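# Structure assessment
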Amino acid sequence: MQIRIAALGKTGSVLDFEEIVPVSHFPELTKVGLAQSPLHIEGTVLKTKLGLLVSGTVALSLTLTCSRCLTAFVYPVKADFSEEFLPRGQVTESTEVDAFETAPTFFGDYIDISGLVTEAVILEIPMKAVCREDCLGICPKCGQVLNEKVCKCEAVQPDPRLAVLADLLKKQ
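Residues numbered from 1 in each chain as written. Predicted model: local features only at pLDDT ≥ 70, side-chain atom pairs only at ≥ 80, totals over all residues. Heavy atoms only, no water.

## Observations concerning the overall build of the protein chain
Along the backbone of the protein chain there are three helices and eight strands. In sequence order, the secondary structure elements of the protein chain are arranged as β-β-β-β-β-β-α-β-β-α-α. Relative to the globule expectation of 16 Å for 172 residues, the C-alpha radius of gyration of the protein chain, 25 Å, shows a markedly less compact shape. Referenced to the eigenvectors of the C-alpha coordinate spread, the extents of the protein chain come out at roughly 85 × 40 × 25 Å. By the burial criterion, 31% of the 172 residues in the protein chain qualify as buried. In the protein chain, once contacts between residues fewer than 6 apart in sequence are set aside, the share between residues at least 24 apart is 57%. Working note: accessible area of the protein chain is about 11500 Å², and carbon and sulfur atoms make up 55% of it. Here the protein chain contributes 16 positive and 22 negative side-chain charges, whose respective centroids are spaced 12 Å apart. (Helix = DSSP H or I, 4+ residues; strand = E, 2+ residues; numbered from the N terminus. Rg over C-alpha atoms; globule rule 2.2 N^0.38 Å. Buried < 20%, exposed > 50% of the residue type's maximum accessible area, 1.4 Å probe, protein only. Contact = heavy atoms within 4.5 Å. Areas by Shrake-Rupley, 256 points an atom, 1.4 Å probe, with all protein chains shown as cover. Lys, Arg positive; Asp, Glu negative; His and termini not counted. Charge placed at Lys NZ, Arg CZ, Asp CG, Glu CD.)

## Focus on the nonpolar core
Judged by nonpolar contacts, the single largest core of 37 residues is most densely connected at Phe-17, Leu-39, Ile-41, Val-54, Phe-81 and Ile-113. Mapped onto this core, the elements with two or more residues apiece are strand S2 (14-21), strand S4 (39-47), strand S5 (52-65), strand S6 (72-87) and helix H2 (114-124). Ignoring any residue separated from it by four or fewer positions in sequence, one finds Val-54 in contact with Phe-17, Thr-44, Val-45, Phe-81, Ser-82, Glu-83, Phe-85, Ile-111, Ile-113 and Leu-116. (Core = buried A, V, L, I, M, F, W, Y, C linked by side-chain atoms within 4.5 Å.)

## Things to note about a nonpolar patch on the surface
Taken together, the side chains of Leu-162, Leu-165 and Leu-168 present a nonpolar region at the surface, about 280 Å² in accessible area. Tracing the sequence through the fold places Leu-165 in helix H3 (residues 163-171). Overall, Leu-165 belongs to the partly exposed group, its relative accessible area being 48%. (Patch = residues over 30% accessible without salt bridge, like charges linked within 9 Å, V, L, I, M, F, W, Y side chains within 5 Å. Salt bridge = Lys/Arg side-chain N within 4 Å of Asp/Glu carboxyl O.)

## Remarks on the pattern of salt bridges
Applying the stated criterion across every chain, the model contains two salt bridges. Of the charged contacts, one joins Glu-28 and Lys-31 as a salt bridge, the two residues approaching to 3.4 Å between their closest N and O atoms. The shortest N-O distance in the salt bridge between Arg-132 and Asp-134 comes to 3.0 Å. Taking relative accessible area as the criterion, Arg-132 reaches 37% and is therefore assigned partly exposed.

Here it is in structure tokens:
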């Protein structure tokens, strides 16, 4: 997603933006889950002494798979982003060289925030997504989804190597 920044004049100038963008414009997000809605992106671009400070919010809904019960569910994502983009090839003082080597850059009248938006969304998705906090998962023996109904499998499967200790507890 590109933002036209030619209208920003002097330091302190602000440009607001808001766009609804299909997920297909962000190929990395299609690998995470099935999108239920387009990305709603809004934010501001502030011209600073060194470059452009881009900050904003992105919102969308994704279909993820629960890591406990393996059922699909819709997960709303709302992520904030903020990054300073620096002009490509700007001469810097020696104290600021490290910042320029790692910071994203821009050139011309447009700034591309696709990577910034993608990173914000991916970091907002949990590593182990669950359909609900009290999800019971699946039975390891029969595979029944325990959120739907309780199976009749034996609840505790003692380790056969510790069966001797279980017998001692029964005798007491």
